[in-house]
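A look at the structure
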Amino acid sequence: MAGLEIPTWDPETALLIGVILFEAFVLYAGYGGLERLVGPYLMDLVVGGDSSAR
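Residues numbered from 1 in each chain as written. Predicted model: local features only at pLDDT ≥ 70, side-chain atom pairs only at ≥ 80, totals over all residues. Heavy atoms only, no water.

1. Some remarks on the overall build of the protein
Along the protein, the regular secondary structure elements total one helix and zero strands. Expressed as a percentage of its 54 residues, the buried residues of the protein come to 4%. Carbon and sulfur atoms make up 69% of the accessible area of the protein, which totals about 5,300 Å². (Helix = DSSP H or I, 4+ residues; strand = E, 2+ residues; numbered from the N terminus. Buried < 20%, exposed > 50% of the residue type's maximum accessible area, 1.4 Å probe, protein only. Areas by Shrake-Rupley, 256 points an atom, 1.4 Å probe, with all protein chains shown as cover.)

2. Digging into the UniProt feature "transmembrane region" (unreviewed entry) in the protein
Listed under "transmembrane region" (unreviewed entry) in the UniProt record, and renumbered for this structure, are residues 14–34. Helix makes up 100% of residues 14–34 and strand 0%, with an end-to-end C-alpha separation of 30 Å. (UniProt positions renumbered as here; feature names shortened; annotations may be inferred.)

3. Digging into a nonpolar patch on the surface
Taken together, the side chains of L27, Y31, L34, L37, V38, Y41, L42, M43, L45, V46 and V47 make up a nonpolar region of the molecular surface, amounting to roughly 1,200 Å² of accessible area. Here Y31 is to be found in helix α1 (residues 11–47). (Patch = residues over 30% accessible without salt bridge, like charges linked within 9 Å, V, L, I, M, F, W, Y side chains within 5 Å. Salt bridge = Lys/Arg side-chain N within 4 Å of Asp/Glu carboxyl O.)

4. Notes on α1
Compared with the 54 Å implied by 1.5 Å per residue over 37 residues, the 50 Å span of α1 between its first and last C-alpha is a close match. V38 marks where α1 bends most, by close to 45°; the proline P40 follows one to four residues later. Residue G48 follows α1 closely and has a positive phi angle near 95°. (Expected span 1.5 Å × (residues − 1). Bend = angle between axes of the 7 residues up to and from the residue.)

5. Things to note about the environment of W9
Turning to its location among the elements, W9 is positioned in the segment before α1. When near neighbours in sequence (up to four residues on either side) are disregarded, W9 contacts A14 and I17. (Contact = heavy atoms within 4.5 Å.)

Set out below in structure tokens:
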């Protein structure tokens, strides 16, 4: 039957997929943390504070 074969995994391919997933997680967490630290300050600069947001 065509299409039902189980592919064999190359260890280098599995390692590459793991590294890419780890990098994606680190970037996601890093950007989230950076947004929490710098985000309010940048919004105050761009919007001008709460009084002008109305």
